[in-house]
Each structure stands twice: as C-alpha cells, then as structure tokens.
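# Structural description and commentary
One-letter residues, chain by chain:
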Amino acid sequence: MSLERINPAELSPAKGFSHAVAATGSRLVFLAGQTALDTAGKVVGETLPEQFEQALSNLLTALAQAGGAPADLARVTVYAVDVEAYRGCAGELGRIWRRLAGRDYPAMAVVGVVRLWDHQALVELDGVAVLP
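Here the residue numbering is sequential within each chain, running from 1 through the sequence in written order. Given that this is a predicted model, residues contribute local features only at a pLDDT of at least 70 and side-chain atom pairs are listed and counted only at 80 or more, while totals for whole chains, interfaces and linings are drawn from all residues. Note: side-chain values were computed over all heavy atoms of the structure, leaving out hydrogens and water.

### A closer look at the side chain of Gln51
With respect to the helices and strands, the residue Gln51 is situated in helix α1 (residues 48-65). A contact between two residues is defined here by any heavy atoms of the two lying within 4.5 Å. Contact partners of Gln51, with chain neighbours within four places excluded, come to Ala36, Val43, Val44, Gly45, Gln120, Ala121, Leu122 and Val123. The helix and strand labels rest on DSSP assignments: H or I over at least four residues marks a helix, E over at least two residues marks a strand, and numbering proceeds from the N terminus.

Right, dumping it as structure tokens:
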C-alpha cells in the first residue's frame, strides 16, 4: 500500500491537510464518525481540543482494530458545530493531530454543522483508510 500526498504549488500551502491523496492498496476501510465518547458512551471533554483529542483517538482505535495505522488515512472529514472556534484552536488541534497521528496529513475537510448526534459533542471525525 502506498499513499502519495499531492500538494500543487499552484494552490495555497497545505497546512494541516493534503490537497489530494492518491492511494494504491488492496483494502479500503471506511471509518464511521467518531465523537468524544468514552467507553461508557458519555461525551468527555468540555473544550473543543479535549473533544477533538478523544474523537481522533476513537477514530485511530477503530482504524487499528481494522489493521491500519494513522499513515494509512487517505481522507478525514471533520464536522464542527462552531467552525470559528475550530479555526481559533487550529494550532492546538494540529499539535494534537501530530502527537496522535504523525505529520502525514490525509485529504481533509472541515464542515460546519448545526449539531451532532449527542448534544454535548462539539466535533466528529470520519475517514477512509487504504491498507495493504
């Protein structure tokens, strides 16, 4: 399996994402949306960074159980109930991402939503990974 991250010089600099990811592999893993739920099904964390860390950890746990690693992520979508707050925390969120998932970013999008399934949830992440 290989992922080629494509960031054309003609586009704005890719900071915290890749403009495109070309994937070659034999197994696709579709990762369901993960919020900041703990093992008891309760939302944990009061702040966006705390919830982002838990949601990303949950996503990576599901990926690991499927036999994948963070470097296998080809696409991640982030759903945020407050995009301005997300932008304001971008530096901290980037540090959390790098600590948990490394420096190779998948193709990503942040989508503003009115609310998520759990009223207390501030952020949700889903993704697609390509495994060998």
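### Focus: the packing of aromatic side chains
A pair of Phe, Tyr and Trp rings is counted when the ring centres sit within 6.5 Å of each other, with Trp represented by its six-membered ring. The angle between the planes then sorts it: under 30 degrees is stacked, over 60 is edge-to-face, the rest tilted. The full count for this structure, using the stated rule, is two aromatic pairs. Ring geometry for Phe52 and Tyr86: centres 6.3 Å apart, planes at 70 degrees, overall edge-to-face. On the criterion of sequence distance, the pair formed by Phe52 in helix α1 and Tyr86 in helix α2 (residues 83-88) is long-range, its members being 34 residues apart. Take Phe52 and Tyr86: they sit in the same class, and that class is buried. Centroid distance Trp97 to Tyr105: 5.9 Å. Interplanar angle 25 degrees. Geometry classified as stacked. Taken as a pair, Trp97 and Tyr105 share a single burial class, namely buried. Burial here depends on accessible area, computed with a 1.4 Å probe over protein chains only, as a share of the maximum for the residue type. Under 20% is buried, over 50% is exposed, and the range in between is partly exposed.

### Points about the sheet that holds strand β4 (residues 73-80)
Pairing between strands is defined by DSSP: at least two bridges between them are needed. Spatially, the four strands line up as an open sheet ordered β3-β6-β4-β5, and their pairing is mixed. Of all strands in the sheet, those with a lone pairing partner are β3 (27-34) and β5 (107-112), marking the two edges. Shown here is a sheet whose adjacent strand axes are inclined to one another by a mean of 10 degrees, direction ignored. The pairing of β3 with strand β6 (residues 123-131) spans six bridges and is classified as antiparallel. Each residue of the ladder has a partner; that of Val29, found in β6, is Ala129. As a rule, the C-alpha atoms of each element are fitted with a line to give its axis, helices using only the stretch in contact, and angles between N-to-C directions run from 0 to 180 degrees. Its contacts with the sheet put α1 on β3, β4 and β6, and the angle it makes with β6 is roughly 30 degrees.

### Comments concerning the pattern of salt bridges
What counts as a salt bridge is simple: a side-chain nitrogen of Lys or Arg found within 4 Å of a carboxyl oxygen of Asp or Glu. The tally for this structure, following the rule as stated, stands at one salt bridge. Across the pair Glu53 and Arg99 runs a salt bridge whose closest N-O atoms are separated by 3.1 Å. Of this pair, Glu53 sits in helix α1 while Arg99 sits in helix α3 (residues 90-101); the two residues are 46 residues apart in sequence, bridging distant segments of the chain. By relative accessible area, which is 52% here, Arg99 ends up exposed.

This is a description of form; function is not addressed.
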